[in-house]
Amino acid sequence: DTVTFVADVATRTIRVNVEGSRLYPSVLVSDRDMTLCQILDHIAVDAGLANTEGVFILRPSLALQQKRAIDEALDRLERQLFLSPAPTGSVAEARSAEANLVSQYISRARRVQPEGRLVVMGQDGACAPLRLENGDIIVIPERSQTVMVQGEVNMPQAVVWREGWSVSQFLDAAGGPRGVPLALQFT
C-alpha cells in the first residue's frame, strides 16, 4: 500500500534518488537549496569502484523538455515534407517516395523517450554547483575497465582500458579506422 500526504505549502526539502556505485542510502532527503556538490560530499562511495568524475543527473523535468523539443522538430520536418510544392510530375513521384521513408523515420523518432541526462562534471572533474530538483536521480557510474570502439573502424569491439593510451592506440586495437585515414590531433 502507498499513502501520499500532500501539503498546501511549499516544502523546504526535496527527495533525490542515488543510483550506481554508492555504498549506503539510495534515497536522500535534503534542503531545497542544497547543490549537487554539497550533496555529493554526503554520499559514501568505494573510491576504487566509483567513477566520481563521471557523475550525471537524470532529471524528469528535463526529459519532458527534451521530448517536447524532439516532437516540435519532427512536426516542422513533417510540415516541410508535405507542404513543399513539386514543379513536375517526376519530382512529385521522387518526393512521394522520399516522404514515405521520412514518415517511417518520423514515426520511429516519435517513440524515443529521452532520459533527461544532465552532465554535471567538467573535464577537470569539478562538480557543477547545480541546485537539485525534487525527483532528480544522481547516477554515480562504476569505473569501467573497457572502452567501446565502434563506428568506422575495421573491427568494432570492446578494448581493455590502458592508462596513458591515446585515442589512436585504442583505434589501432580495433583494427584501425576503416577507409580514409583518420588524423588525430591532441592539444
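Details of the structure are given in the entry above.
**Q** What is the right way to look at the overall build of the protein in this model?
**A** Scanning the protein from N- to C-terminus turns up 4 helices and 7 strands. Secondary structure elements of the protein occur, N-terminal to C-terminal, as β-β-α-β-α-α-β-β-β-β-α. Taken over C-alpha atoms, the radius of gyration comes to 23 Å for the protein, far larger than the 16 Å a tight globule of 187 residues would show. Dimensions along the principal axes, computed over C-alpha positions, put the protein at roughly 65 × 55 × 35 Å. Expressed as a percentage of its 187 residues, the buried residues of the protein come to 24%. Counted over contacts in the protein with a minimum sequence separation of 6, partners at least 24 positions apart contribute 60%. If you sum the accessible surface of the protein, you get close to 13,200 Å²; carbon and sulfur atoms cover 54% of it. When the 18 positive and 22 negative side-chain charges of the protein are each reduced to one mean point, those points stand 5 Å apart.

**Q** What is the right way to look at the environment of I14 in this model?
**A** Examined against the element boundaries, I14 turns out to sit in strand β1 (residues 13-20). Between the C-alpha atoms of I14 and R32, which are 18 residues apart in sequence, the distance is 5.5 Å. Setting aside anything within four residues of it in sequence, one finds I14 in contact with L28, V29, S30, D31, R32, L132, E133 and N134.

**Q** Even after reading the chapter, I still don't get the side chain of S30, so can you show me in this structure?
**A** Positionally, S30 belongs in strand β2 (residues 27-31). In contact with S30, other than residues within four places in its own chain, are R12, T13, I14 and I39.

**Q** Even after reading the chapter, I still don't get the packing of helix α2 (residues 60-83) against helix α3 (residues 89-109), so can you show me in this structure?
**A** Packed helices, taken two at a time, are described by the angle between their axes plus the distance between the axes. Interaxial distance between α2 and α3 falls to 11 Å at its minimum, and their mutual angle equals 165°. Put simply, α2 runs roughly antiparallel to α3. Crossing hand, α2 versus α3: left-handed. Of α3, the residues touching α2 (which contributes K67, I70, L74, L77, E78, L81 and F82) are A99, V102, S103, Y105, I106 and A109. Residues that form the contact of α2 with α3 fall into these classes: 10 nonpolar, 1 polar and 2 charged.

**Q** Would you explain the packing of aromatic side chains in this entry?
**A** For any pair of aromatic rings, geometry is given as the distance between the ring centres together with the angle between the planes. Applying the stated criterion across every chain, the model contains 2 aromatic pairs. An angle of 15° between the planes, with centres 5.6 Å apart, marks the rings of W161 and F170 as stacked. By relative accessible area, W161 is classed as partly exposed at 42%. Taking relative accessible area as the criterion, F170 reaches 8% and is therefore assigned buried. Members of the aromatic cluster, connected to one another through ring pairs, are W161, W165 and F170.

**Q** Got a minute to help me understand the state of the cysteines in this structure?
**A** Cysteine pairs can be covalently joined through their sulfur atoms, and such a bond is termed a disulfide. Taken as a whole, this structure holds 1 disulfide when the rule is applied. Here C37 connects covalently by a disulfide to C127, the sulfurs 2.3 Å from one another. In this structure, the disulfide formed by C37 and C127 twists by about -105° around the S-S bond and is classed as left-handed. Note that C37 is positioned in helix α1 (residues 36-40) and C127 in the loop between β4 (117-119) and β5 (137-140), a separation of 90 residues in sequence.

Cut-offs used in this document
Residue numbers restart at each chain and count upward from 1, following the sequence in its written direction. Given that the model is predicted, a residue must reach a pLDDT of at least 70 before its local features are reported, and side-chain atom pairs must reach 80 or more before they are shown or counted; all residues, however, enter totals for whole chains, interfaces and linings. Side-chain measures here rest on the full set of heavy atoms in the structure, leaving out hydrogens and waters. The helix and strand labels rest on DSSP assignments: H or I over at least four residues marks a helix, E over at least two residues marks a strand, and numbering proceeds from the N terminus. Using C-alpha atoms as the atom set, the radius of gyration is obtained and then compared with a globule rule of 2.2 Å times the number of residues to the power 0.38. Classification of residues uses two cut-offs on accessible area relative to the type maximum, computed with a 1.4 Å probe and protein chains only: under 20% is buried, over 50% is exposed, and between them is partly exposed. Contacts between residues were defined by any pair of non-hydrogen atoms, one from each residue, lying within 4.5 Å. What sets the accessible areas is the Shrake-Rupley method with a 1.4 Å probe; for residues, cover comes only from the shown protein chains. Only four residue types enter the tally: Lys and Arg on the positive side, Asp and Glu on the negative side, with His and both chain ends excluded. Throughout, a charge is located at the NZ atom of Lys, the CZ atom of Arg, the CG atom of Asp or the CD atom of Glu. Every axis corresponds to a line fitted to the C-alpha atoms, with the helix fit spanning only the stretch in contact, and the corresponding angles, defined between N-to-C directions, vary from 0 to 180 degrees. Any angle that is under 35 degrees is reported as roughly parallel, and any over 145 degrees as roughly antiparallel; angles of 65 to 115 degrees are reported as roughly perpendicular and all others as oblique. Handedness of a crossing is defined here by the sense of rotation of the near helix relative to the far one, left-handed for an anticlockwise turn of less than a right angle and right-handed for a clockwise turn. Each residue receives one of three labels: charged for Asp, Glu, Lys and Arg, nonpolar for Ala, Val, Leu, Ile, Met, Phe, Trp, Tyr, Cys and Pro, and polar for the others, Gly being one of them. Here a pair means two rings of Phe, Tyr or Trp (six-membered ring of Trp) with centres within 6.5 Å. Their orientation is stacked below 30 degrees between planes, edge-to-face above 60, and tilted elsewhere. To count as a disulfide, a pair of cysteine sulfur atoms needs to be within 2.5 Å.

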